Each structure stands twice: as structure tokens, then as C-alpha cells.
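Residue-level listing of the chains:
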Amino acid sequence: MKKYALVTIMAAMLLPMDAQTTIGQVLADIESNNTTLKALRAEAEAQKLDNRTGMTLADPEVEFAYLWGSPAVMGNRKDFSASQQFDFATLSGKKRALASQRDVLVDLQLKAGRLAIITEARMLCVDMVYYNALAAEMQTRLDAARAVADAQKKRLDSGDGNQIEYNNVLMSLAAAEAEMARVSTERQAVAAALSRLNGGHEISLQQQSFDVSPLPSPFEQWYAAAEAGNPTLAYVRQEVEVSNRQLSLDKAQNVPSLTLGYMSENTREQTFRGVSIGVSVPLWSNRNKVRQAHAAREAAELRLADARQTFYSQVRMAYDKAVSLRAAAVACREASTRYADIRLLRKAYDEGHLAVVDYLVQMGFCYDAANRALNAEREYQRALCELRSFSADLMSD
């Protein structure tokens, strides 16, 4: 009886009676509480500030000189100058445009990081729903195994059964208890992983069945939307745009820069004041920058072509896998529902039409069918999660 009580407590821990929480709510909590996402957002803000570093005017230059005259009768001379370098408006505009395009890269990188975390969380939610359903199934099996054990004990005591049959029933009950313990351990591991993603806050997801999630179709139409919404692919496309902006900026930097200033020269008998104008001609400082920018743009375009091809192959394989798993899930659930009639088997056992060994064997077939159906549904849902991982804008919960 102590063993029965222990397993009952474990079942209660597996299936608490508090309010249901949907997967969508869990994902929303994780997006708010995830520490990695918070760090990514902070890094994005820092990177955007860095993108605008160097866009302001150059620092002004101030000089002062005190010169002693020789011979002393000439007096001393004091020189003062202040100057400021200016970029032409065209160059300043190109720098701002480049910084804005780099900000887009930062946003896309953040979006990709968010998608990776949400995908991991969604996969764990699928596992949690699976273990919730399996725990409920195991509780039903435990109740049935205990009832059969009690009935077989009465038969043994009344002389209508034998010890071998009773031992078989007890072994079946022990196997069910061990399976419940395994499910409990694995469910706790999934719960711990979800808690980690939720910033250490516990998550209560009690859903025990998967929502009906049809496959997107037709494929090519869905793929076009996935390609447009994929942050990784968008990042590579944006790199091409950034390389174009960088090329335009490097060309503009061949234009001379202008320096304006004020100067004064004071001696014992004379004072000179006026303005100064200077031009800095980039003869050597910008050398090879334009050639390097052309090469970078070409490399970015090649990366984009490769990324598109790789992305299409990955999505096509994931889609075909989901189609296959969906068919398997439907077939397994249909077979389990149609042929695994547990109530009929129990009635035959209770009425003495089915020997206990045959009953245990037949029940094993039914349980295997139910397990296969749950596993198939879980794998299909995980395949859908993989499809969702290709785009942040599609198939949201």
C-alpha cells in the first residue's frame, strides 16, 4: 500500500489541478523574462550607438604659442589659432544612411536570436504536452492495473486463481509504476528547461492534447512568405545593402575636406588677426578602400545566393518531413482509436471470458498503440515547430 500511495503522489505532482496555461501564454512569458533575450536587446542598443560613433564633426583644434624675441628689444610674440574641419553635406548624409542600414542589421540579428529562443521554448512546450498526455494515460493504466491486481488477489484467495497468474499481474503493475516514475523524471527535466528559459520562473503548462495544426499549403506560396520573413536570410540581404552603402561612402571620401579657423599674431608693435582656410586632399589615406568595398559587395552577393539555395533546401526537407509525420500521426491515432478497445478487454476479463495472461498481452497491444499514436503526434508537432523556426512571422501560436 505504501508503494501505491507513493505512485499516487507522483501522479498528483504530474497533473496538478490549477488553471490551464496555453502554449501562447508560455511563449509570451518567456519572451518577457528570458535573460538571454534581455542581454541581446541591451547589446543591440549598444551596437546602434556604436554605429553612430564618428558621425559627428571632428574635434576642434586650438593652438597657442609664446615666442621669446632675440635680441630682447624685439619683444615677444604670441600666436593663437582655432580651427574646425568640416565634411561636405553629401559625405555626412552618406554616413547617416550607412548607420541606419547597419541598425537594420542589428534589428535582424536580434530578431534571429529571439526566433531561436522561441523555437527552443516551443519545442519544449510540445514535449511538455506530450508528457502531460502520457502521464494521464499512465494514471489510467495504473488504476486499471491496481483494479486487476485486487481482483486477481480475490480470485487467488477464493481458489479461483493461482499464484502464477497473480505474479504476472503484480509484474504488470510494477512495470506500470516504473513507467510512471520515468515519465515523472523526464517531465521534470522539461519543466526545468522551460523554467530556465523563463528567467528561472516556474511555468505551469497543463495542456494534455495537441491543437489541430494543419500544414501550410501550397508549399511554394508558403515558402515565398517564409523567405520574406526569415531574419537570417533578411540579414544576408541587408548585408548586400550595407556593402552598397559602404561603397558609396568610400567613393565620397575621395572628396577633399575643408578646414576653417581663426588666427591671431601679437608682437610688441604689431597685431595680426584673420581667418584661415585649409583643404585636406585624401591622396593616400583612402587608397584601396573603394576596391575593397567592391570586393566586399561581391562577396555579400555571393553569400546571399548561397544562403537562398541553402534555405530552400532546408525548408523543403522540413516540409516533406512534416507531411510524412502528419500522415503517420493520423494513421497511428486512427488505429489506436479503432482497434484498441480497452473497455471490451476489461469486460471480457471480468466475465471470465479472457484469461489473465491473455488479458495482459492484449492490454499491452492497446498500450503500445496508444504510445505510438502519442509519439507520432509529438513528432509531427516538433516538425511544425521546425517549420515555424524558418520565419518569425508565420504560424504563430
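The residue numbers shown here count from 1 along each chain, following its written sequence. Where local features are concerned, this predicted model is filtered to residues with pLDDT of at least 70; where side-chain atom pairs are given and counted, the filter is 80 or more; whole-chain, interface and lining totals use all residues. In computing side-chain properties, one takes all heavy atoms of the structure into account and sets aside hydrogens as well as water.

(A) Structural detail: the pairing of strand β2 (residues 77-86). Should DSSP find at least two bridges between two strands, the strands are regarded as paired. Here a strand is any run of E in DSSP of at least two residues, a helix any run of H or I of at least four, and the numbering for each starts at the N terminus. Here strand β1 (residues 61-67) runs beside β2; their pairing, made up of seven bridges, is antiparallel. Note that in β2 the partner of Glu63 across the bridge is Ser81.

(B) Structural view of the packing of aromatic side chains. Aromatic pairing here means that ring centres of Phe, Tyr or Trp (its six-membered ring) are within 6.5 Å. Orientation follows from the plane angle: under 30 degrees is stacked, over 60 is edge-to-face, and everything else is tilted. In total, this model carries twelve aromatic pairs according to the counting rule given. Their ring planes at 70° and their centres at 5.2 Å tell us that Tyr66 and Trp68 sit as a pair that is edge-to-face. Burial classes: relative accessible area under 20% of the type maximum marks a residue as buried, over 50% as exposed, and values in between as partly exposed (1.4 Å probe, protein chains only). Since its relative accessible area comes to 67%, Trp68 is described here as exposed. Directly above the ring of Phe219 sits Arg316, whose terminal nitrogen or CZ lies 3.9 Å from the centroid. Over a ring means this: the NZ of a Lys or the CZ of an Arg is within 6 Å of the ring centre and within 35 degrees of the ring normal.

(C) View of a nonpolar patch on the surface. Patch definition: residues with relative accessible area over 30% and no salt bridge; like charges joined within 9 Å; nonpolar side chains (Val, Leu, Ile, Met, Phe, Trp, Tyr) joined within 5 Å. Surface exposure here means Shrake-Rupley accessible area, sampled with a 1.4 Å probe, where a residue is shielded only by the protein chains that are shown. For this analysis, a salt bridge means a side-chain nitrogen from Lys or Arg found within 4 Å of a carboxyl oxygen belonging to Asp or Glu. A cluster of nonpolar side chains, namely Val62, Phe64, Tyr66, Trp68, Phe80 and Tyr262, defines an oily patch on the protein surface of about 700 Å² accessible area. At three residues, β1 tops the list of elements feeding residues into the nonpolar patch. Residue position: Tyr66 is located in strand β1. A relative accessible area of 36% means that Tyr66 is categorised as partly exposed.

(D) Up close: the pairing of strand β3 (residues 257-266). By the bridge criterion, nine bridges tie β2 to β3 in an arrangement that is antiparallel. When the sheet's bridge partners are listed, Ala82 is paired in β3 with Tyr262. The sheet contact formed by β3 and strand β4 (residues 271-280) spans ten bridges and is antiparallel. For Ser264, the partnering residue across the bridge sits in β4 and is Arg273. From the end of β3 to the start of β4, which pair antiparallel, there are four residues.

(E) Focus on the environment of Gln309. If you trace the backbone, Gln309 turns up in helix α8 (residues 289-339). Judged by its relative accessible area of 52%, Gln309 is exposed. For the pair Gln309 and Gln270, spaced 39 residues apart in sequence, the C-alpha to C-alpha distance is 76 Å.

(F) Structural context of helix α5 (residues 163-197). Taking 1.5 Å per residue, 35 residues should reach 51 Å; α5 reaches 51 Å between its end C-alpha atoms and fits that length. In protein, a polar contact means a hydrogen-donor-capable atom and an acceptor-capable atom, both N or O and within 3.5 Å, with residues adjacent in sequence counting only if both atoms are side-chain atoms; elsewhere, any N or O pair within 3.5 Å suffices. You can read the cap of α5 off the contacts: a side-chain oxygen lies 3.1 Å from the backbone nitrogen of Ile164, and it is on Asn162. The positive-phi residue at the C-terminal boundary of α5 is Gly199, with phi of around 70°. In a helix, the anticipated span is given by 1.5 Å times the number of residues less one.

(G) Structural view of the confidence of the model for the protein chain. Per-residue confidence from the predictor is reported as pLDDT, which spans 0 to 100. On average, the protein chain scores 85 in pLDDT, and the residues at 70 or more come to 92%. Taken together, the stretch residues 1-20 has pLDDT below 50 and engages in 35 contacts with residues farther than four places along the chain or on a different chain. Residue contacts follow a heavy-atom distance rule, with two residues in contact if any of their heavy atoms lie within 4.5 Å.

(H) Geometry of the pattern of salt bridges. Applying the stated rule across the entire model yields 20 salt bridges. Of the charged contacts in the structure, one is a salt bridge between Arg378 and Asp127, with a shortest N-O distance of 3.0 Å. You can see Arg378 sitting in helix α10 (residues 356-388) and its partner Asp127 sitting in helix α4 (residues 89-158), a full 251 residues away along the chain. What makes Arg378 buried here is its relative accessible area of 15%. Residue classification places Asp127 among the buried residues on the basis of a relative accessible area of 9%. Where salt bridges share partners, they join Asp127, Arg378 and Arg382 into one cluster.

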